[in-house]
Amino acid sequence: MSYPPPGGYPPPGGYPGYPPQPGQQPGYGAPPPPGGGGYPPPAGYPGGGYPPPATGGYPPPATGGYPPPATGGYPPPPASGYPPPGGSNYPPPPGGGGGYPPPASGGYPAPGGYPGGAPQAVPGFTAPAPYGQQPPPGQPPSYPAQPGYGQQPPPGAAPYGAPPGQYGAPAPGQMYGQPGAPPPAAYVPVAAAAAVAADLPVVEPAAADLPVVEPVATDLPVVATDLPVVESEKLPEEAGGRPPAGVAAAASGPPRQAPAPASQPPTAAMGSLAINEQATHGTVVPIRPFDAEADCELYRKAMRGAGTDEATLINLIATRSNEQRQKIKLTYKTMYGKDLIRDIKSELSGNLEECMLALFMSGPYYDAHQLHRAMKGAGTDETTLIEILCTRTNKEIEAIKAEFKKNYHKDLEKSCVSETSGHFKRLLVSMCQANRDESTNVDMAKATKEAQDLFQAGEKKWGTDESRFNVILASRSFPQLRATFSEYTKISQRDIANSIQREMSGDLKGGFLAIVECVRNRPMFFADRLYKSMKGAGTNDSNLIRVVVSRSEIDLVEIKKAFLERYHKTLYKMIEGDTSGDYKRLLLGIVGQGV
């Protein structure tokens, strides 16, 4: 609630000079004409009211002036300085007008200020300069000089409210906050500043105000992988070397994925499945550099005279590959006119002689020699026939047949027929054809059908149809047989090896089991042969030498691992405990200590 001023309310027509006449611009806070009553200062502001701006003022509103607040005076603007803390009175500006303009119908005061002159200053307090005016000489400024409220800043000065450094200031001729204005030159975005500091190209916004993501060269190492590389679709470029507006954002997204292949039935998918055999490694590898003449001189020196230097012979033969040994034999005969094999026979004996002569034989010839030896005389060593014919590849069997014919003038198949009988003879004849399927493709439908055939021919039948077993085991590829054995277990709830042991007997059972074991794990089959050759009181040295020599350059590394896995003892340790002398040293030199 407000009280009437001491001089009474202004006349009904308002103060003279208000509203302004054409051509006349009254200043804000101009005093009313003489005789008019002034508005008393608000409570707490003794001697004065709100300081008027330097020049100009707000345009007159539709109705009268601002009404006085409920209590106290109108708060000063932010830039004019607040009264000191502690509730002290706000001093009036020196030379300024009186109080706040009267309310209601009076409107703004007329030019000239309020009657009665400037308010009195408060003793002990230096009044600040009016808003927008410089302080008088000798008085320190209470705040930086600013232009009058509502006026434009002087030329060259910072705009009203602009932060230091011209950050966010509008361009010349451009009002502050006007839409569509480009950022000023002094404004540098954070991303651009970082790019400049790193000496990288600055990414400019596209026409659609979308950020354009361009690749940035880095020094990171490129990691080569075996994964297929999906190339993204190339984008058209504008003259500036940048993708067009609206495309960069899409280009920076994740690469398109190839469409998923159409689903196939499990049988059809497995029908095109190719299974590769695991790579194997031998313990004997070619030596580099290799000099056949130097080796021949060492052989000659080791066997010349009364004694024999077996250590030199062992070191030379155990560290050369079979191909290098064949060159040594030829070079030795060329250099000295003597046969190296005959000299070795004359100098050595026993198991050491047998093992060393086996190492100087080529692989196919050594297998042919072992087959001829197994069928020579009154009896037949069926174990050797099974081990060689049921475990070799088609190419190896063809080479064995050729060596057998060349050296013994017999046909291998006819020799097997003459030495064996029954279904075992049929199995060996099938093996001699060297016609096993060696493809890596697996037909699951065929595997399921043949597993059912094996079940019908064995477990489900009174008696056994050995011919059906022979058809499948002697002609199918190893990957196909693995799938067949897996399906057989599902159908019969028995392992195929267990069914063979239950349904077969004699050498035929041994032959079928040898095929099954080679299909599943060939190195494990030979590890079992090695263990059986050394198990018990004696040692079957012929079997031990045959397996070690024949597999030394093929898969003896895998055989050693399988031996340790099954029998929990290294092959090296087993041979060391079952052999002795130079024969032991030669075998250990071929096998090697490592697993």
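Residues numbered from 1 in each chain as written. Predicted model: local features only at pLDDT ≥ 70, side-chain atom pairs only at ≥ 80, totals over all residues. Heavy atoms only, no water.

**Re the overall build of the protein**
Within the protein, the secondary structure is distributed over 22 helices and two strands. Of the contacts formed within the protein by residues at least 6 apart in sequence, a portion of 70% connects residues at least 24 apart. Here the protein has roughly 34,000 Å² of accessible surface; of this, 56% comes from carbon and sulfur atoms. (Helix = DSSP H or I, 4+ residues; strand = E, 2+ residues; numbered from the N terminus. Contact = heavy atoms within 4.5 Å. Areas by Shrake-Rupley, 256 points an atom, 1.4 Å probe, with all protein chains shown as cover.)

**Structural notes on helix H11 (residues 394-408)**
Here H11 contains 15 residues, and its C-alpha end-to-end distance of 21 Å stays within 8% of the 21 Å for a straight helix at 1.5 Å per residue. Buried within H11 are the following residues: Asn394, Ile397, Ile400, Glu403, Phe404 and Tyr408. Contacts from the buried residues of H11 go to helix H9 (363-375), helix H10 (382-389), helix H12 (412-419) and helix H13 (422-432). (Expected span 1.5 Å × (residues − 1). Buried < 20%, exposed > 50% of the residue type's maximum accessible area, 1.4 Å probe, protein only.)

**What to know about the pattern of salt bridges**
Enumeration over the complete set of coordinates arrives at 16 salt bridges. Linking Lys338 and Asp343 is a salt bridge whose minimum nitrogen-to-oxygen distance equals 3.7 Å. The exposure class assigned to Asp343 is buried, which follows from its relative accessible area of 12%. A salt bridge links Arg551 to Asp555; the shortest N-O distance between them is 3.0 Å. Exposure class is identical for Arg551 and Asp555. Each is buried. Overlapping salt bridges, with partners in common, bring together Lys449, Asp453 and Arg468 in one network. (Salt bridge = Lys/Arg side-chain N within 4 Å of Asp/Glu carboxyl O.)

**Some details on the packing of aromatic side chains**
One pass over the structure, following the stated rule, counts eight aromatic pairs. An angle of 75 degrees between the planes, with centres 5.2 Å apart, marks the rings of Phe525 and Phe526 as edge-to-face. Classification of Phe526 as buried rests on a relative accessible area of 0%. An angle of 10 degrees between the planes, with centres 3.9 Å apart, marks the rings of Tyr531 and Tyr567 as stacked. Taken together, the residues span a long stretch of sequence, with Tyr531 in helix H18 (residues 506-534) and Tyr567 in helix H20 (residues 556-567) at a distance of 36 residues. One aromatic cluster in this structure is built from Tyr531, Phe563 and Tyr567. (Phe/Tyr/Trp six-rings, centres within 6.5 Å; stacked < 30°, edge-to-face > 60°.)

**So, H9**
For H9, spanning 13 residues, the distance from its first C-alpha to its last is 19 Å, which sits close to the expected 18 Å at 1.5 Å a residue. Taken residue by residue, H9 has Tyr366, Asp367, Ala368, Gln370, Leu371, His372, Ala374 and Met375 as its buried positions. Turning to H9, the residues buried within the fold contact helix H8 (350-359), H10, H11, H12 and helix H19 (541-551). Immediately beyond the C-terminal end of H9, within one or two residues, lies Gly377, with a positive phi of roughly 90 degrees.

**A word on the nonpolar core**
In this structure, Tyr299, Met356 and Leu586 are the most contacted members of the largest nonpolar core, which totals 94 residues. Counting residues per element, this core draws most heavily on H18, at 14 residues. Each residue touching Tyr299, except ones within four places of it in the same chain, is listed here: Leu313, Leu316, Ile317, Ile328, Tyr332, Leu340 and Phe360. (Core = buried A, V, L, I, M, F, W, Y, C linked by side-chain atoms within 4.5 Å.)

**Description of unusual backbone geometry**
Cis rather than trans, the peptide bond between Arg288 and Pro289 has omega equal to -5 degrees. As for its placement among the helices and strands, Pro289 is situated in the loop between strand E1 (273-274) and helix H4 (292-303). In this model, Ala434 sits at a positive phi of 50 degrees, which is unusual for a non-glycine residue. Its place among the elements puts Ala434 in the loop between H13 and strand E2 (441-442). In the Ramachandran plot, Gln493 falls in the positive-phi region, its phi being about 60 degrees despite a non-glycine side chain.

**What about the environment of Ile500?**
As for its position among the elements, Ile500 is in helix H17 (residues 496-503). The sequence separation of Ile500 and Thr464 amounts to 36 residues, and the corresponding C-alpha distance is 9.7 Å. Sequence-distant contacts of Ile500, defined by excluding residues within four places in its chain, comprise Phe469, Leu473, Lys509, Phe512, Leu513 and Val516.

**Looking at the side chain of Asp295**
Here Asp295 shows up in helix H4. Residue classification places Asp295 among the buried residues on the basis of a relative accessible area of 4%. Setting aside residues no more than four positions away along its own chain, Asp295 makes contact with Phe290, Leu316, Arg320 and Ile328.

**Some remarks on the confidence of the model for the protein**
Per-residue confidence for the protein gives a mean pLDDT of 73; residues scoring 70 or more make up 53%. The low-confidence segment residues 93-119 (pLDDT under 50) makes 83 contacts with residues lying over four places distant or belonging to another chain. Taken together, the stretch residues 215-252 has pLDDT below 50 and engages in 21 contacts with residues farther than four places along the chain or on a different chain. (pLDDT = per-residue confidence, 0-100.)

**Digging into the side chain of Asp367**
Looking at the secondary structure, you find Asp367 in helix H9. Judged by relative accessible area, which is 7%, Asp367 ranks as buried. Those residues in contact with Asp367 that lie beyond four places of it in its chain are Ile388, Arg392, Ile400 and Ser550.

**Side note on the packing of helix H14 (residues 444-457) against helix H15 (residues 466-475)**
At a minimum axis separation of 9 Å, H14 and H15 run at an interaxial angle of 150 degrees. When the axis of H14 is compared with that of H15, the two are roughly antiparallel. Note that H14 runs across H15; the crossing there is left-handed. Residues Lys449, Glu450, Asp453, Leu454 and Ala457 of H14 pack against Arg468, Phe469 and Ile472 of H15. Grouping the constituent residues of the contact of H14 with H15 by class yields four nonpolar, no polar and four charged. (Axes fitted to C-alpha atoms, helices over the stretch in contact; angles between N-to-C directions. Parallel < 35°, antiparallel > 145°, perpendicular 65-115°, else oblique. Left-handed = near helix turned anticlockwise from the far one by under 90°. Nonpolar A, V, L, I, M, F, W, Y, C, P; charged D, E, K, R; others polar.)

**So, the packing of H18 against H20**
Across the interface, H18 lies against H20 with an axial gap of 8 Å and an inter-helix angle of 65 degrees. Looking at the two axes, H18 sits roughly perpendicular to H20. Note that H18 runs across H20; the crossing there is right-handed. Listed contacts from H20 to Pro523, Met524, Phe526, Ala527, Asp528, Leu530 and Tyr531 of H18 are Glu558, Ile559, Ala562, Phe563, Glu565, Arg566 and Tyr567. Residues of the contact of H18 with H20, tallied by class, amount to ten nonpolar, no polar and four charged.

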